[in-house]
Every structure is written in C-alpha cells, then in structure tokens.
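Structural description and commentary
If you want the building blocks of each chain, they are given just below.
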Amino acid sequence: MLLVYSRIRNNVPFSLCRICIRYNSNSQNRWLNRQLGDPYTKEAKVQNLRSRAAFKLMQIDDKYRLFNKNKSNRRILDLGYAPGAWSQVAQQRSSSNSMILGVDILPCEPPHGVNSIQANILAKRTHDLIRLFYSKHFQLNRRDELHENHGYFQNMLEEELTHLKDTELYREIFTSDDNYDISNTNSTLKEREKFPVDVIISDMYEPWPQTTGFWNNITNQAYFRMANTSGLSIRDHYQSIDLCDAALVTAIDLLRPLGSFVCKLYTGEEENLFKKRMEAVFNDVHKFKPDASRNESRETYYIGLRKRRNIDKLKVFGN
Ligand SMILES: C[S@@+](CC[C@H](N)C(=O)[O-])C[C@H]1O[C@@H](n2cnc3c(N)ncnc32)[C@H](O)[C@@H]1O
C-alpha cells in the first residue's frame, strides 16, 4: 500500500495525494481505534444490533416519534437498509403485525421480521416492486430452488409482471388492497391504495464493496451513481443530495398523506435547496443531528412530518 501511495505521490498533484491518505495503514488504525473505543459500537454488540447506526435512529425516534407500538399494520420502508440496524429499530419499535420492507442495492440477509428487495431506488421499477409488495403481501426471501437461482422476486416477477403489459390488469394488481385497517389513519381507502407506506426512513450511503450477487436484473447498473463517501466533502455532498432527492421522490410517490420521513444528508451548499423541497412536501420539517452521529461527520438528518396532500412533483423540483 505504501508503495502504491508513494508512486501516486510522485505522479499526481499533491491535492490528489491527499485522497490516498485515507487508505494508508495509519488511517486504518485510526479508524479501528475509534471503532474499538466507541461506546455506541460496543453497545450495538451488546444489544445484538447490526451497527451503531441503530442509535441514531433511536435518538431521532425518541424526539420525533416516527414509530408507534400501539398502531397496528404499519408499513415502513427502509431505503438503503443494509446491514439492517435501522430495520431492527423499526421492527422493535412498531407493532408486531407491521410490514417492514428494506431496499438496498447490495445483497443482504434482512433481520428477523423484515422483508427485503435488492434493488436500486433510482429505478422506477423499484417503486413498482415496493407497491406490489405492500398491495399483495408477496412472500419474500423464500428458501427454495427458484429463489436461490433467481433471487427474491423472480417468481413473483414471472407470475405478475408478465401481465403488466395489459393496462387493466396492471391497475387491478396495484389497486387490490387487503385487510388494512383504515381506522388507524385519516387516509381514505383510495388514498391508501395510491400511497401504501406510513413511514420512510433513508440512510442511503457508504455501501461496502459488493463481490457477488450481480445476477439480479432488478439491480440495474449496480455501482452506477451509488454513493461511496470519498473524503472529498463536495463530492460526498452532491452524491448525498442525489440520494436524498431519490428518497424524497419515493416519499412523494408512495408515502401516505400525513406520513413521516427521515433522510440522511451530508451537508453542503445545496442543503437549503433540499430543505425547501422538503418544505414543499411536508408540513413540518426539522434538521437534527443525534448524539450518536460523530461530531466530525458532516452527516445530518432531515425529518419530514405530516406529508402534504396533492403534491406537484415538478413544482417541488422545479426551483
Ligand atoms: C450507511 S448504509 C445504511 C445503514 C443502515 N441504515 C443500517 O442501519 O444498517 C447505506 C446503504 O445505502 C445503500 N445504497 C446506496 N445507494 C443506493 C441506491 N441507489 N439504492 C438502494 N440502496 C442504496 C448502500 O448499499 C448501503 O448499504
């Protein structure tokens, strides 16, 4: 590594060399020491949580009450859910009959009580799959030969999506809802069909490198536009804005009126623009940095409460 580093240093301007410093052994040691000394990392292990990120969501929920154990049949969508700590928190803090769906571009075994799709949220088709999941209660993550060969959704896709050419059938699939108890919310049944999700949480960023699992044709161009933090704050910020916008579009399309939303943002010059977009979609918008988020990190969280009705997507993104 040191050799690579000194070669790069001899051939490129010093400003670029600084990017490489992230990968030398000193910085790895610093990262390791920080992890080992971190109380949230230790506590995550004790509580069998998949990462320290769980505490960030707990602290957000303590303040803004996204989840509610007393409300049944809640539908929670976790964007960028892998390795699954936020989904664990959502599952623990919601009623046992809630439906939690994690979406991640990388393959990951979801935590107990959580379903998942490996898919890119930037693809429109992923929105269709989320809608299908909530309207038809598809059995995900099945352990059978078909699933092992073709992935979670393949048999459902074969059975259902081949019919989607027929518009009438398409409409029928997407509007068939079952035993959802609408007395839980102020939504009408029609609204419920159109906007099937109660809470969207998005922590999209920093994936670990994928080495297998590229078979999935739902995951189109797996690494295209996927955001790895680079250590360059401007780049990180713009990629983060890209993913926050994608989460917000998902909220406009799938979140029910009065529903709640959280997303992680790496701060930077477009933050105010994103805040304005949030305000066009939600009645209450808050910015919050939980204690569990490290001071030196530029990450912050935007919370949108009480989604507005009749949102014009073009107006939201038009300014
Ligand atoms: C910081 S991790 C999420 C951690 C998770 N909230 C937890 O508590 O375990 C960010 C995740 O976002 C995912 N991601 C990034 N871009 C994505 C995209 N376009 N579609 C779906 N997932 C994406 C990454 O693969 C990564 O797993």
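Residues numbered from 1 in each chain as written. Predicted model: local features only at pLDDT ≥ 70, side-chain atom pairs only at ≥ 80, totals over all residues. Heavy atoms only, no water.

Moving on, we come to the packing of aromatic side chains. For the coordinates displayed, the defined rule picks out 7 aromatic pairs. An angle of 45 degrees between the planes, with centres 5.4 Å apart, marks the rings of Tyr40 and Phe55 as tilted. Here the residue Tyr40 occupies a position in helix α4 (residues 39-46), and Phe55 occupies one in helix α5 (residues 53-64), the gap between them amounting to 15 residues. On the basis of relative accessibility, which here comes to 7%, the residue Phe55 falls in the buried class. Centre to centre, the rings of Trp86 and Tyr301 are 5.9 Å apart; their planes meet at 40 degrees, and the pair counts as tilted. (Phe/Tyr/Trp six-rings, centres within 6.5 Å; stacked < 30°, edge-to-face > 60°. Helix = DSSP H or I, 4+ residues; strand = E, 2+ residues; numbered from the N terminus. Buried < 20%, exposed > 50% of the residue type's maximum accessible area, 1.4 Å probe, protein only.)

Strands in a sheet are paired, the pairing made by backbone hydrogen bonds, and the direction either parallel or antiparallel. Strands sit in the order β3-β2-β1-β4-β5-β7-β6 across an open sheet of 7 strands; the sheet is mixed. Two strands in the sheet have a free side with no partner beyond their single neighbour: β3 (114-118) and β6 (282-288). For this sheet, the mean inter-axis angle between neighbouring strands, taken without regard to orientation, is 15 degrees. Relative to strand β7 (residues 299-307), strand β5 (residues 255-266) runs antiparallel, the two sharing 6 bridges. (Pairing = 2+ DSSP bridges. Axes fitted to C-alpha atoms, helices over the stretch in contact; angles between N-to-C directions.)

Take the site of the ligand next. Residues in close proximity to the ligand total 22 residues, the closest being Ala85, Asp104, Asn120, Asp203 and Tyr205. Asn120 has a polar side-chain atom sitting 2.8 Å from a nitrogen atom of the ligand. When isolated, the ligand has an accessible area of 610 Å², and the protein chains bury 96% of it. In the shell around the ligand, the residues fall into 16 nonpolar, 3 polar and 3 charged. (Near = heavy atom within 4 Å. Polar contact = N/O pair within 3.5 Å; in protein donor to acceptor, adjacent residues only side chain to side chain. Areas by Shrake-Rupley, 256 points an atom, 1.4 Å probe, with all protein chains shown as cover. Nonpolar A, V, L, I, M, F, W, Y, C, P; charged D, E, K, R; others polar.)

The subject of this paragraph is the pattern of salt bridges. One pass over the full model with this rule turns up 14 salt bridges. The shortest N-O distance in the salt bridge between Lys264 and Asp203 comes to 3.0 Å. A residue pair is termed long-range when its members are at least 10 positions apart, and Lys264 in strand β5 and Asp203 in the loop between β4 (197-202) and α12 (233-254) qualify at 61 residues. This pair shows no difference in class: Lys264 is buried, exactly as Asp203 is. Note that Glu279 and Lys275 form a salt bridge whose closest N and O atoms lie 3.5 Å from each other. Here Glu279 and its partner Lys275 are both found in helix α13 (residues 271-281), 4 residues apart, which amounts to about one turn of the helix. Residue classification places Lys275 among the partly exposed positions, given a relative accessible area of 31%. One network of salt bridges, with partners in common, ties together Lys56, Asp203, Lys264 and Glu299. (Salt bridge = Lys/Arg side-chain N within 4 Å of Asp/Glu carboxyl O.)

Let us now look at the pairing of β7. For β7, the buried fraction is high: 8 of the 9 residues fall into the buried class. Relative to β7, β6 runs antiparallel, the two being bridged by 6 bridges. Across the sheet, His286 pairs through a bridge with Ile303, a residue of β7.

Another aspect to go through is the confidence of the model for the protein chain. Here the protein chain shows a mean pLDDT of 76. Residues at 70 or above account for 63%. Every residue in residues 1-24 is under pLDDT 50, and counting partners more than four places away or in other chains gives 18 contacts. Low pLDDT (under 50) marks residues 162-182, which in the prediction has 34 contacts with non-local residues, meaning those over four places away or in another chain. ipTM for the predicted complex: 0.99, alongside a pTM of 0.75. (pLDDT = per-residue confidence, 0-100. Contact = heavy atoms within 4.5 Å.)

Once that is clear, we can look at unusual backbone geometry. Pro83 follows Ala82 through a cis peptide bond whose omega is 5 degrees. Tracing the backbone through its elements, the reader meets Pro83 in the loop between β1 (75-79) and α6 (85-92). A positive phi angle is found at Asn48, which is not glycine, with a value near 60 degrees. Looking at where Asn48 falls in the secondary structure, it is placed in the loop between α4 and α5.

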